[in-house]
Amino acid sequence: MSNQRFKAIENSHIRSSVEVEEAGRRSEYFGVNVFNEERMLQYLTKEAYDRVKAAVVSGAKIDRKVADQVAEGMKTWAISMGATHYTHWFQPLTGSTAEKHDAFFDFSPEGRLMEKFGGGQLVQQESDASSFPNGGIRNTFEARGYTAWDPTSPAFLYGTTLCIPTVFVAYTGEALDNKAPLLRALGAVDDAATAVAKYFDKNVSKVYATLGWEQEYFLIDKSLALSRPDISLTGRTLIGHSAAKGQQLDDHYFGVIPGRVLNFMKDLENECTKLGIPVKTRHNEVAPNQFELAPIFEETNLAVDHNLLLMDVMEKIADKHHFKVLFHEKPFAGINGSGKHNNWSLSTDTGVNLLSPGSTPMKNLQFLTFFVNTIKAVDNYEELLRSSIASASNDHRLGANEAPPAILSIFIGEQLNEVLNELEGVSKGKLSPEEKTELKLNVVGKIPEILLDNTDRNRTSPFAFTGNKFEMRGVGSKANCAKPMTVLNTIMAKQLLSFKKEVDQLVDKKGLKKDEAIFNVLREYIKTCKRIRFEGDGYSEAWENEAKSRGLSNNKNTPQALRVLTSKESLALFKSMNVMSEIEVRVRQEVELEEYVSHIQIEGRVFTELAYGYVIPAAVAYQNKLIKNVMGLKEVYGAAHKKMSESQLDIVERISEHIRDIKIKTDAMVEERKKANNMVDINKKALAYCDHVRPYFDQIRYHCDKLEQLIGNEYWPLSKYRELLFIK
Ligand code: ADP
Ligand code: MG
């Protein structure tokens, strides 16, 4: 019998907190490890500084001479801070980040030792990372991808390594990462939104998409987590009976943060602050041992980098505090899973949030313009947006037993619904002076400046307007936000371009005034995209039926959800917005399907290991104990033992039944896996894993969980839910 579980419990009990002090006033040490503006001013020539700024604001190219100057400044700063290495930091299609460190240390041509880092090393690096998923774009024999500096996200010092955010592209030009398409989408939405924002303010010359993510996660004692092969290899518990107590008492949510966890959080936040990640909020979440961290929102590209960096930092700091952090969307059955709400808006370089209602009718018309266009964009491409958050692990939330549903709909709240309903009645063509006044005073003019309190009530909506931003709630806790942000900003760019064209046509051809034209176009949008608006309970079955009749997609699993990526419309969209070429989209679809397959495959293998290596042996050991007991009773009591042995024998039999079922189901699952593995077409393979392998998981689990309850506690080899979730 394995005693790993008991050793782990013992370890977890004798731990003492690693005490951490708050590092002082955040504003004083925020970004000390970042090569930010302040550092650039200190370490760069005026010319280099201006060029980097221009590159950030307008995408201007940085020539080699300037790159050399920037590299020199960065190196001097980094070495003064104790750096020994540098790395291009990038986001391959695996969803996380990658790095390859090089020492600054080198030989000069004369053979002398020197610290070397020039513009060449800053700007571009051959990664020879031929093993990253590339969906066949780069065949391994010509593994020629390179990473290229992204000056819009500042370099930072992590440990003793200078990290330079980069894109990862093939020599043939295709993006091999998640950052390059995101940057293109952000460029597209900047152009389109700036043109529309100029209707309202000629001084706007740039629009930034903003992102504020909210990261949910679980913290589990490290020894307990490591005692379970499923957590170690898949990030979740594949089996495990619910603890007698779960989240039903709501006594964890927003409760006092446990001491050991608080120390972890302080440590984490100190480190994040130094790295320039503006962390702000920390609290307990709904499920036991579940927590959340949220920063102040930032420009989207930077926010995405910061979220990826955060997840990396979290794992390291957790380790120091003897925790394992779980980012999986559903680590435990029966209690809440984790997500990563993406709060999104658009902001001008004049400092205006375009999704924030204002104090004048004109500002509100601007608000309504961007608001209605977002609704229209999501309505047009709801299925594509759904595809951007699809993954094997997120399938446990979307469309499973948990919020939010796989159906995309938009919640805007009562007040804004009223406003849209009124706008629907706007006359066609030119407006009479009376109607204009009425609109400005009583419809647009009445939008309250602060909507926050009224709009955030519906927690079941996957895409909710929350006062001055939209909140996309289906994003997985493990996900790279770049994916949904690429799609959202692309569809918004496309939508705003169409809008501008329509408005301009009404002005040029029909002689309408600008505001009349805007009202006219918005009215038509409001009429045509009603199906996406839904204020009711997103989890209800009634909504599923209703959504179906409205023609909204309801793709409950990843293979289904990913299909739309390569539809004619999606390919045309990405191409026309210069976000991704057809091959780049196809590659992503293939890579994600492959990832899906690998995920389910690994889970399937771990199931086999758990069944044969842990559960059945434990059940048999306990069964033997009972049988020995019965034999002993017989020896002592003779015929009288029968009555005394009844219950033991009943348990013995029930154990046998469960063992048999586990064996049958596990073997059948392995057979299905074999069949699936022989499939060449990745679409068919993913569907086979989804429809024929995965359904066995719940069945095997059912019997394992029954056994967990049946057999003696000391015989059970895997840390139980009550240990994983309630040891703090
Ligand atoms: P909550 O949703 O918990 O009530 P808030 O609405 O204040 O809290 O903010 C939630 C998240 O939304 C935070 O991470 C915040 O940074 C982000 N957020 C706020 N305003 C914006 C915005 N204009 N653009 C993007 N994210 C935003
Ligand atoms: Mg939120």
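Residues numbered from 1 in each chain as written. Chains lettered and ligands numbered in written order. Predicted model: local features only at pLDDT ≥ 70, side-chain atom pairs only at ≥ 80, totals over all residues. Heavy atoms only, no water.

### Some points on the side chain of Glu471
Mapping Glu471 onto the fold places it in strand β17 (residues 470–472). Here His341 takes part through its side chain, which lies 2.6 Å from a polar atom of the side chain of Glu471. Ignoring any residue separated from it by four or fewer positions in sequence, one finds Glu471 in contact with Glu214, His341, Asn342, Asn343, Arg459, Pro462, Phe463, Ala464 and Thr466. (Helix = DSSP H or I, 4+ residues; strand = E, 2+ residues; numbered from the N terminus. Polar contact = N/O pair within 3.5 Å; in protein donor to acceptor, adjacent residues only side chain to side chain. Contact = heavy atoms within 4.5 Å.)

### With respect to the domain arrangement of the protein chain
Per the domain assignment, the segments of the protein chain are domain 1 (31–177), domain 2 (187–580) and domain 3 (594–726). One C-alpha centre belongs to domain 1, the other to domain 3; they are set 50 Å apart. (Domains from an automatic or database assignment.)

### As for the coordination of the magnesium ion (ligand 2)
Ligation of the magnesium ion (ligand 2) by protein atoms is provided by Glu214 (OE), Glu214 (OE) and Glu471 (OE), these donors lying 2.2 to 2.6 Å from the ion. In this pair, Glu214 sits in strand β9 (residues 207–221) while Glu471 sits in strand β17, placing the two residues 257 residues apart along the sequence. With a relative accessible area of 17%, Glu214 lands in the buried category. (Donors = N, O, S within 2.8 Å, 3.2 Å for Na, K, Ca; no water. Buried < 20%, exposed > 50% of the residue type's maximum accessible area, 1.4 Å probe, protein only.)

### A look at the side chain of Glu329
Its place among the elements puts Glu329 in the loop between β13 (323–326) and β14 (340–348). Despite its burial, Glu329 remains without a salt bridge, the nearest opposite charge being carried by Lys478 at 5.0 Å. Those residues in contact with Glu329, other than ones at most four positions away along the chain, are Gly337, Ser338, Ser393, Asn394, Arg397, Gly476, Ser477, Lys478 and Ala479. (Lys, Arg positive; Asp, Glu negative; His and termini not counted. Salt bridge = Lys/Arg side-chain N within 4 Å of Asp/Glu carboxyl O.)

### Structural notes on a negative patch on the surface
A contiguous patch of negative charge on the surface is contributed by Glu414, Glu418, Glu422 and Glu438. Per-element tally for the negative patch: the top contributor is helix α14 (residues 414–423), with three residues. (Patch = residues over 30% accessible without salt bridge, like charges linked within 9 Å, V, L, I, M, F, W, Y side chains within 5 Å. Areas by Shrake-Rupley, 256 points an atom, 1.4 Å probe, with all protein chains shown as cover. Charge placed at Lys NZ, Arg CZ, Asp CG, Glu CD.)

### Quick notes on the pairing of strand β8 (residues 161–170)
Counting buried residues in β8 gives 10 out of 10 residues, a clear majority hidden from the surface. Side chains Thr161, Cys163, Pro165, Val167 and Val169 project from β8 onto one buried face, and the interleaved Leu162, Ile164, Thr166, Phe168 and Ala170 project onto a second face that is buried too. One ladder, built from five bridges, connects strand β1 (residues 85–90) with β8; its direction is parallel. Bridge pairing in β8 places Tyr86 opposite Leu162. Across five bridges, the pairing between strand β6 (residues 145–149) and β8 is antiparallel. Across the sheet, residue Ala148 finds its bridge partner in β8, namely Val167. (Pairing = 2+ DSSP bridges.)

### A word on the pattern of salt bridges
Under the counting rule described, the total for this entry stands at 45 salt bridges. Asp63 is the salt-bridge partner of Arg51, the closest N and O atoms lying 3.6 Å from each other. Here Arg51, found in helix α4 (residues 46–58), pairs with Asp63, found in the loop between α4 and α5 (64–80); they are 12 residues apart in sequence, far enough to count as distant. Residue Asp63 is classed as partly exposed on the basis of its relative accessible area, which comes to 37%. Where Asp705 meets Arg701, a salt bridge forms, and the shortest distance between an N and an O atom there is 3.1 Å. Of this pair, Asp705 and Arg701 are both found in helix α25 (residues 695–710), four residues apart, which corresponds to roughly one turn of the helix. By relative accessible area, Arg701 is classed as buried at 10%. Three or more residues are tied together by salt bridges with common partners; here these are Glu22, Arg26, Glu269 and Arg282.

### So, empty space enclosed by the protein
Taken as a whole and judged by the stated rule, the model has five cavities of 30 Å³ or more. What the largest cavity holds in volume is close to 160 Å³. Around the largest cavity, the lining is made up of 14 residues, and of these Lys483, Val487, Met580, Arg588 and Glu592 lie nearest the centre. Elements with a contribution of two residues or more to the lining of the largest cavity: α17 (482–510) and α22 (582–637). Ranked by residue count, the leading element in the lining of the largest cavity is α17, at four residues. (1 Å grid on protein atoms, 1.4 Å probe; cavity = no way out; pocket = protein on both sides within 12 Å on 5 of 7 lines; lining within 4 Å. Points joined across faces, edges and corners; volume = space filled by probe spheres on them.)

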